[in-house]
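Single-letter residue listing:
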Amino acid sequence: MSVAELKEKHAAATATVNSLRERLKQRRQLLLDTDVATYTKNQGRSPVNFSATDLVCCRTLQGHTGKVYALDWTPEKNWIVSASQDGRLIVWNALTSQKTHAIKLLCPWVMTCVFAPNGQSVACGGLDSACSVFNLSSQSDRDGNIPVSRILTGHKGYISCCQYVPDQETRLITSSGDQTCVLWDVTTGQRISIFGGEFPSGHTADVLSLSISSTNPNMFVSGSCDSTVRLWDLRIASRAVRTYHGHDGDVNAVRFFPDGLRFGSGSDDGTCRLFDMRTGHQLQVYARQPDRNDDEIPTVTSVAFSISGRLMFSGYSNGDCYVWDTLVAEVVQNLGTLQNSHEGRISCLGLSGDGSALCTGSYDKNLKV
Amino acid sequence: MGESGSVTPPQPKSPPEYPDVSGKHRLKVAVQSLNHEIDYLERELNSMEKTVAASRCCKELNEYVSKNPDPLIKVHEKQRKKSCCVWDIFRAIVCCSWVGFCCTRGCLCCFSQPKRCCLQLKDIVCCQCCHKGVRCAECNCSKISSCNLESPCPECSCRCVCSCSRCAKSCGSPICTSCCKGCCLC
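In this text the structure is predicted, and so the values were computed from the model without any measurement. (Residues numbered from 1 in each chain as written. Chains lettered and ligands numbered in written order. Predicted model: local features only at pLDDT ≥ 70, side-chain atom pairs only at ≥ 80, totals over all residues. Heavy atoms only, no water.)

It is worth spelling out the nonpolar core at this point. Counting 24 residues, the largest nonpolar core has A:V36, A:C272, A:L274, A:L283, A:Y286 and A:M312 as its most contacted members. Looking at this core, the elements with two or more residues in it are α2 (36-42), β20 (271-276), β21 (282-287), β22 (300-305), β23 (311-316) and β24 (321-325) of chain A together with α2 (54-67) of chain B. When residues of this core are assigned to their parent elements, the largest contribution, five residues, is made by α2(B). (Core = buried A, V, L, I, M, F, W, Y, C linked by side-chain atoms within 4.5 Å. Buried < 20%, exposed > 50% of the residue type's maximum accessible area, 1.4 Å probe, protein only. Helix = DSSP H or I, 4+ residues; strand = E, 2+ residues; numbered from the N terminus.)

This is the structure in structure tokens:
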């Protein structure tokens, strides 16, 4: 085929793609007959009523000497692992505030950390493009450091997020600046599947976060700098199941709703959105009211849901931490304005396993519960 | 010698037409990629035939949220007491001691037994603040009586210092129940 013929084909294919996208957009518009807030208000529901003492900071976990970038709770015990710019992972007993482990990392530029389902191991990753796994029961060396149990190498870019597949100690998924997500066998250190990259329908920019469905652990979503969220099936790496459009900026955070069928996302465009996994519908946009004090729109750094899903917590680059009534799409509290709140950007947040406590991590080097 | 018309200036020869292999290859890849995208979009368009409206998803969402209790949302007092958990105790203690200086560390006596024992103390203080002579009746906090600010309990990581000037002056004890409500800054 000559170059001229190829150019014609390219032009024709581009026109077909644009036409299909337009038809898809119109079809979806017809199905978007309401959003969550409108539906809920029509049912007569009012926002959750929060008083100043309903959510209080009862613990400040101090110890990091650098910005806190990531945190994770154990599924059952009240332990938290945090990762910081100081090049350490710290494991905390959240109730007593004591540090049970302080792990010095080989590469200090860590961006993510996670507990294994059994709470016996932690994994982390960052600018070294590798995911390191530490067994908390291992004996420390002479300097008091826990040796690394496994290093998962293969990504060609930084590790932005890692999550264990629920109830599986040996399966871990990572997201990366190389535009892919990878499913690993932690025991062998081998890559099982690669999601995106050379395969079509993958992300076209850095992947910044991922979340695995609790009710269907074969499904996970990833958020990217290409402004989209994509749904993947662990059993089919060759293509994304669905792409969710809507955000106007990098998608920094994604988190499944407790029912495992919807998910929330947070973006550089300053909004959080709720999508339905199966239909692809954007069910709700959570946009903050413009603030005269904001020079630019604060970006959403992190998102989490309460155990019932009624509350959505979102952390922002200006230190705000909004508590949204998910159903009514209104802010019921801003934890950033409470006494004893963080003094810097909220970088990460997460709910305890039983849903009774929220932990936030910040650039002010502290974690708060 | 006569001049016959204008002289055509010499023109450089055009470069030979080499086959643009890399450009052609890139075009092929781009066309392939677009064809994949077309397949993907057509599949998605077909699946939209069976897709339900957003209102159905909103209904499911509302039903799910209604079915599941949430420990972070205040419910009727009776229901709350039934589902009391450790974090509820900490929250209650923080609220009860909100008298200017609030002890944010909570009471460790009831860590494993979430009972009202420590809440019944008139002056709610951190166990780490070594409220000497006071022992929680329900839990055996024997470490408390031996704990002092110089050498805190092995369990304690906090070195509480009372900021109340009356305490320091009048009785010399960091924690004095008569003049100080057990305020402490950790």
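Quick look at the environment of A:A253 now. Residues and elements named next belong to chain A. Tracing the chain through its elements places A253 in strand β18 (residues 251-256). A253 gets classed as buried once you look at its relative accessible area, which sits at 8%. When the C-alpha atoms of A253 and L210 are compared, they prove to be 7.4 Å apart, with 43 residues separating the residues in sequence. A253 has contacts with S209, G264, S265, G266, T301, S302 and V303, leaving out every residue within four places of it along the chain. (Contact = heavy atoms within 4.5 Å.)

Turning next to the interface of chain A and chain B. With 75 residues of chain A at the contact, the number on the chain B side is 56 residues. For the chain A and chain B pair, buried surface summed over both sides reaches about 5,800 Å², with 68% attributable to carbon and sulfur atoms. Seen at the junction of chain A and chain B, the total is five salt bridges. Across the pair A:R21 and B:E37 runs a salt bridge, and its minimum N-O distance is 2.9 Å. In this assembly, chain A and chain B are joined by 15 residue pairs in polar contact (both at pLDDT 80 or more). Elements represented by at least two residues in the side of chain A that touches chain B include exactly α1 (3-31), α2, β17 (242-244), β20 and β23 of chain A. Among the elements that line the side of chain A that touches chain B, the one with the most residues is α1(A), at 16 residues. For the side of chain A that touches chain B, the class distribution of residues is 34 nonpolar, 22 polar and 19 charged. (Buried area = accessible area lost by both parts, 1.4 Å probe. Salt bridge = Lys/Arg side-chain N within 4 Å of Asp/Glu carboxyl O. Polar contact = N/O pair within 3.5 Å; in protein donor to acceptor, adjacent residues only side chain to side chain. Nonpolar A, V, L, I, M, F, W, Y, C, P; charged D, E, K, R; others polar.)

Turning to the UniProt feature "repeat: WD" (unreviewed entry) in chain A, a few remarks are in order. As annotated by UniProt and renumbered to match this structure, "repeat: WD" (unreviewed entry) occupies residues 61-102, 152-194, 200-242, 244-285 and 339-369 of chain A. The span residues 61-102 of chain A shows a helical share of 0% and a strand share of 55%, and its end C-alpha atoms are spaced 13 Å apart. (UniProt positions renumbered as here; feature names shortened; annotations may be inferred.)

The positions that UniProt labels "coiled-coil region" (unreviewed entry) are, in the present scheme, residues 24-51 of chain B. Each end of residues 24-51 of chain B is marked by a C-alpha atom, and these two atoms are 40 Å apart; helix forms 86% of the span and strand 0%.

Residues and elements named next belong to chain A. Within this structure, the stated rule accounts for twelve aromatic pairs over all chains. Ring geometry for F195 and F220: centres 5.1 Å apart, planes at 85 degrees, overall edge-to-face. Separated by 25 residues along the polypeptide, F195 in strand β13 (residues 190-196) and F220 in strand β15 (residues 219-224) bring together distant segments of the chain. Side by side, F195 and F220 carry an identical accessibility label, which is buried. Ring-pair connections join several aromatic residues into one group, and the members of that group are Y244, F256, F263 and F275. The side chain of K77 reaches across the aromatic face of W79, ending 4.1 Å from its centre. Sitting above the plane of the Y316 ring, R288 keeps its charged end 4.7 Å from the centroid. (Phe/Tyr/Trp six-rings, centres within 6.5 Å; stacked < 30°, edge-to-face > 60°. Lys NZ or Arg CZ within 6 Å of the ring centre and 35° of its normal.)

What follows deals with α2(B). Residues and elements named next belong to chain B. Here α2 contains 14 residues, and its C-alpha end-to-end distance of 20 Å stays within 8% of the 20 Å for a straight helix at 1.5 Å per residue. Regarding α2, the residues found buried are A54, C57, C58, L61, N62 and V65. Down the axis, α2 shows its buried residues gathered within 135 degrees of arc, on one side only. (Expected span 1.5 Å × (residues − 1). Arc of directions from axis to C-beta.)

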